[in-house]
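# Observations on the three-dimensional arrangement
Residues per chain, in single letters:
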Amino acid sequence: MKTLELLAAGILLSISSSAFADLENSQYKMVVIKNAPGVEALQSGDVAQGIALTKSAEANELDKYSRNLNLCVGYTKLAQFDKAEKACTAAVSSALHADTSDRHDIRAYAFNNRGVMKLMQNDNLGALEDFKRAVDATDDKIYKHNLARLENALNSVQLASR
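In this report, the structure presented in the accompanying data block is examined. (Residues numbered from 1 in each chain as written. Predicted model: local features only at pLDDT ≥ 70, side-chain atom pairs only at ≥ 80, totals over all residues. Heavy atoms only, no water.)

### Quick look at the environment of Y109
Of note, Y109 is situated in helix α6 (residues 103–120). Along the primary structure Y109 and Y143 are separated by 34 residues, whereas in three dimensions their C-alpha atoms are 8.5 Å apart. (Helix = DSSP H or I, 4+ residues; strand = E, 2+ residues; numbered from the N terminus.)

### Regarding helix α3 (residues 47–56)
Of all the positions in α3, only V47, G50, I51 and T54 are classed as buried. Within α3, the buried residues cover an arc of 100° as seen down the axis, which keeps them to one side. Buried residues along α3 sit against α2 (39–44) and α4 (64–77). (Buried < 20%, exposed > 50% of the residue type's maximum accessible area, 1.4 Å probe, protein only. Arc of directions from axis to C-beta. Contact = heavy atoms within 4.5 Å.)

### Topic: the packing of aromatic side chains
In the structure shown here, the tally under the stated rule is one aromatic pair. A ring pair is formed by Y28 and F131, whose centres lie 6.0 Å apart and whose planes are at 15°; its orientation type is stacked. On the criterion of sequence distance, the pair formed by Y28 in the loop between α1 (23–26) and β2 (29–33) and F131 in helix α7 (residues 124–137) is long-range, its members being 103 residues apart. By the burial criterion, Y28 is buried, and F131 matches it. Over the face of the ring belonging to Y28 we find R149, whose NZ or CZ atom lies 4.7 Å from the ring centre. (Phe/Tyr/Trp six-rings, centres within 6.5 Å; stacked < 30°, edge-to-face > 60°. Lys NZ or Arg CZ within 6 Å of the ring centre and 35° of its normal.)

### Let's talk about the pattern of salt bridges
Counted by the stated rule, this structure contains three salt bridges. Residues D139 and K144 are paired through a salt bridge, measuring 3.2 Å at the closest nitrogen-oxygen approach. For D139, a relative accessible area of 57% translates into the label exposed. A relative accessible area of 43% places K144 in the partly exposed class. Here the salt bridges do not stand alone but share partners, grouping R114, K118 and D130 into one network. (Salt bridge = Lys/Arg side-chain N within 4 Å of Asp/Glu carboxyl O.)

### As for the state of the cysteines
With the rule as written, the count across this model stands at one disulfide. Residue pairing for C72: its cysteine sulfur links by disulfide to C88, the two sulfurs lying 1.9 Å apart. In this structure the cystine formed by C72 and C88 twists about its S-S bond by roughly 80°; its chirality is therefore right-handed. Of this pair, C72 sits in helix α4 while C88 sits in helix α5 (residues 81–96); the two residues are 16 residues apart in sequence, bridging distant segments of the chain. Residue classification places C72 among the buried residues on the basis of a relative accessible area of 0%. (Disulfide = S-S within 2.5 Å.)

### Digging into the nonpolar core
Core analysis: the largest hydrophobic core is formed by 44 residues, its most contacted members being Y65, L69, Y109, A110, F131, Y143 and L150. When contributions to this core are tallied by element, the ones reaching two or more residues are β2, α2, α3, α4, α5, α6, α7 and α8 (141–160). If one sorts the elements of this core by residue count, α6 sits on top with nine residues. Those residues within four positions of F131 in sequence are excluded, and the remaining contacts are Y28, N112, G115, V116, L119, N146, L147 and L150. (Core = buried A, V, L, I, M, F, W, Y, C linked by side-chain atoms within 4.5 Å.)

### Brief notes about the packing of α4 against α5
Interaxial distance between α4 and α5 falls to 8 Å at its minimum, and their mutual angle equals 150°. Here α4 is positioned roughly antiparallel relative to α5, judged by the angle of their axes. Crossing of α4 over α5 shows left-handed handedness. Contact residues: K64, Y65, N68, L69, L71, C72, Y75 and T76 in α4; F81, K83, A84, A87, C88, A90, A91, S94 and A95 in α5. Looking at side-chain class alone, the contact of α4 with α5 contains twelve nonpolar, three polar and two charged residues. (Axes fitted to C-alpha atoms, helices over the stretch in contact; angles between N-to-C directions. Parallel < 35°, antiparallel > 145°, perpendicular 65-115°, else oblique. Left-handed = near helix turned anticlockwise from the far one by under 90°. Nonpolar A, V, L, I, M, F, W, Y, C, P; charged D, E, K, R; others polar.)

Dropping the structure here:
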């Protein structure tokens, strides 16, 4: 499998469109597979080109899991949620059926990305569940960051409504 790379999703809980702000403090993070076709375009902000390159990659260049994981990010960034949900869920399914030494990592990547996509669809509880599954799969700071951000946001909303 290719190397994981962090991609700032540019997603804030309080708004439903992309917004760029301080990476460590305000954004939910998604992951992509580094050096995969289309990733450079996704990272540079040319999301449509990144999706096109990812989709056109040959099977020997890009495995099904990596393709769907990266498409999940691209479609989420474009707010094409029907396509994002299919790609994210396909990545989760591939990860759950993977029989490799890094299966915990790839499960965490897939659950994390699907969680961010669910946030964009205002499915906070679904996102919370996916973030928890990512942290359960691999205790990594990326997934802890997203889980803690969402838990804090939900707690703040709950306290404010009292």
